[in-house]
Amino acid sequence: MADVIDYRIIGSELQMVEIELDQGEGVRAEAGALVYMEAGIEMETGTGGGIFAGFKRAISGAGFFITTFVSNRPGKAHVAFAKPHIGQILPIDLTRHGGELLVQRDGFLCAAAGIEIDVAFTRRFGAGLFGGEGFVLQRLHGDGMAFVHGGGAVVERDLAQGEVLLVDAGCLLGFEGSVDFDVTMMKGITNAIFGGDGLFLAHLTGPGRVYLQGLPFSRLVDSIAHHMPKKS
């Protein structure tokens, strides 16, 4: 079972999450996500389950290493994490999502010790061939709290049985394991060539909850690069 942790979300546009740990409790986070930690918390960086686990994480677009923070002091200790771009941090209780959530490669921030962080390949080959960012996802599995970061505004959608939602692949932050994921081609040659949204869209079929992000990190980087002054 995952550790039971308390937390608070700090900030509005540039948020961080502060985790409160009792003695012996721990939290796992992406390498480089740490903002601060109090004395008495020890950190250990590893692959999260052997070299093969590290390679699988690297394939998903996440870092090869993951860091575990454990409190060894009596009483309460605090540690905080954040992403380096504008967005929202979502606290996710995996027990309310069937114990599983599939997350875009840049979405995972941290999770209670005991949560498994693995790689999930989409069910269909076509999704991998054309889906771009949506092919290899991070799989969060367990019965505790996980924290996901979405760029810009984040929207939750609950899909009914058989309900379909078409989403730009980069704007798909995460979805429950019950949601069927595939890729569909943009209709209309004019839309595909001049629409500016690419040839393919993520095709999601319910039932299950879906999380969408309005400003994925890749789109933010592309926008900044486009407006950078050109070298003479």
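Residues numbered from 1 in each chain as written. Predicted model: local features only at pLDDT ≥ 70, side-chain atom pairs only at ≥ 80, totals over all residues. Heavy atoms only, no water.

Going by what an unreviewed UniProt entry lists, the protein is known as TIGR00266 family protein and is assigned to Marinibaculum pumilum.

## Focus on a nonpolar patch on the surface
Just so we agree on the cut-off: Patch construction takes residues with relative accessible area above 30% that form no salt bridge. Like charges are linked within 9 Å, and nonpolar side chains (Val, Leu, Ile, Met, Phe, Trp, Tyr) are linked within 5 Å. Reported accessibility uses the Shrake-Rupley method at a 1.4 Å probe radius. Residues are deemed covered only where the shown protein chains occlude them. Any Lys or Arg side-chain nitrogen located within 4 Å of an Asp or Glu carboxyl oxygen qualifies as a salt bridge. Secondary structure follows DSSP: runs of H or I at least 4 residues long count as helices, runs of E at least 2 residues long count as strands, and numbering of each begins at the N terminus. Buried, partly exposed and exposed residues are distinguished by accessible area as a fraction of the type maximum, computed with a 1.4 Å probe on protein chains only: under 20%, between the cut-offs, and over 50%, respectively.
On the surface, Leu-34, Met-37 and Met-43 cluster together to form a nonpolar patch covering roughly 230 Å² of accessible area. Tracing the sequence through the fold places Leu-34 in strand β4 (residues 34–37). When its relative accessible area of 33% is taken as the criterion, Leu-34 is described as partly exposed.

## Observations concerning the confidence of the model for the protein
Put simply, the rule reads: What pLDDT reports is the predictor's confidence in each residue, on a scale of 0 through 100. In this description, contact between two residues means that some pair of their heavy atoms is separated by no more than 4.5 Å.
Taken as a whole, the protein shows an average pLDDT of 81; of its residues, 74% reach a score of 70 or greater. Every residue in residues 123–134 is under pLDDT 50, and counting partners more than four places away or in other chains gives 28 contacts. Taken together, the stretch residues 188–196 has pLDDT below 50 and engages in 6 contacts with residues farther than four places along the chain or on a different chain.

## Notes on the packing of aromatic side chains
Basically, it comes down to this: Side-chain rings of Phe, Tyr and Trp (the six-membered ring for Trp) are treated as a pair once their centres are within 6.5 Å; stacked means planes under 30 degrees apart, edge-to-face means over 60, and tilted covers the remaining angles.
Counted by the stated rule, this structure contains 3 aromatic pairs. Arranged with centres 5.0 Å apart and planes meeting at 75 degrees, the rings of Tyr-7 and Phe-147 form a pair that is edge-to-face. One end of the pair, Tyr-7, is in strand β1 (residues 6–10); the other, Phe-147, is in strand β13 (residues 145–151), and 140 residues separate them in sequence. Classification of Tyr-7 as partly exposed rests on a relative accessible area of 36%. Looking at Phe-147, the relative accessible area reads 0%, which means it is buried. Here Phe-69 and Phe-81 contribute two aromatic rings whose centre-to-centre distance is 5.2 Å and whose plane-to-plane angle is 65 degrees, an arrangement assigned as edge-to-face. Of this pair, Phe-69 sits in strand β6 (residues 66–71) while Phe-81 sits in strand β7 (residues 77–82); the two residues are 12 residues apart in sequence, bridging distant segments of the chain.

## Some points on the sheet that holds strand β17 (residues 180–185)
To keep things clear, this is the line we draw: Two strands are said to pair when DSSP picks up at least two bridges between them. For every element, the axis is a line fit to its C-alpha atoms; helices are fit only across the contacting stretch, and the angle between N-to-C directions ranges from 0 to 180 degrees.
Across the sheet, which stays open at both edges, the 3 strands sit in the order β15-β18-β17 with antiparallel pairing between neighbours. Both edges of this open sheet fall to β15 (164–167) and β17, since each of them pairs with a single strand only. Strand-to-strand twist in this sheet, taken as the mean axis angle between neighbours without regard to direction, amounts to 30 degrees. Looking at chain direction, β17 and strand β18 (residues 200–205) are connected through 6 bridges and run antiparallel. Its bridge partner lying in β18, Thr-184 is registered against Leu-201.

## Notes on empty space enclosed by the protein
Put simply, the test is: Put plainly, a pocket is an open set of points on a 1 Å grid over the protein atoms alone with protein on both sides within 12 Å along at least five of seven lines, a cavity is a set where a 1.4 Å probe fits but cannot get out, and a lining residue has an atom within 4 Å of a point. Grid points are joined across faces, edges and corners, and a volume is the space filled by probe spheres set on the points. In this count, Pro and Cys sit with the nonpolar residues alongside Ala, Val, Leu, Ile, Met, Phe, Trp and Tyr, while Asp, Glu, Lys and Arg are called charged and the others, Gly among them, polar.
Considering all chains together, one arrives at 2 cavities of 30 Å³ or more under this definition. What the second largest cavity holds in volume is close to 30 Å³. Leu-90, Ile-92, Leu-101, Val-103, Val-148, Leu-173, Gly-174 and Tyr-211 together form the lining of the second largest cavity. Those elements that place two or more of their residues in the lining of the second largest cavity are β8 (87–93), β9 (100–103) and β16 (172–176). Of the residues that constitute the lining of the second largest cavity, the class distribution is 7 nonpolar, 1 polar and no charged.

## Regarding the side chain of Glu-176
Using the following cut-off: Here Asp and Glu are counted as negative and Lys and Arg as positive; His is not counted, and neither are the chain ends. Each polar contact in these results corresponds to two N or O atoms within 3.5 Å; when the atoms are within protein, one needs to be able to donate a hydrogen and the other to accept it, and residues that are neighboring in sequence are counted only if both atoms are side-chain atoms.
Turning to its location among the elements, Glu-176 is positioned in strand β16. No salt bridge is formed by the buried Glu-176, whose closest oppositely charged neighbour, Arg-209, lies at an N-O distance of 5.1 Å. Among the polar contacts listed, one links the side chain of Glu-176 to the side chain of His-97, at a separation of 2.7 Å. With residues near it in sequence (within four places) discarded, Glu-176 still touches Arg-96, His-97, Glu-100, Leu-101, Gly-208 and Arg-209.

## Regarding the environment of Ala-146
Relative to the assigned elements, Ala-146 resides in strand β13. On the basis of relative accessible area, Ala-146 is assigned to the buried category, the value being 0%. Taking the C-alpha atoms as reference, Ala-146 lies 9.3 Å from Arg-28; in sequence the two are 118 residues apart. Apart from the residues within four sequence positions on either side, Ala-146 is in contact with Leu-90, Pro-91, Ile-92, Cys-110, Ala-111 and Leu-140.

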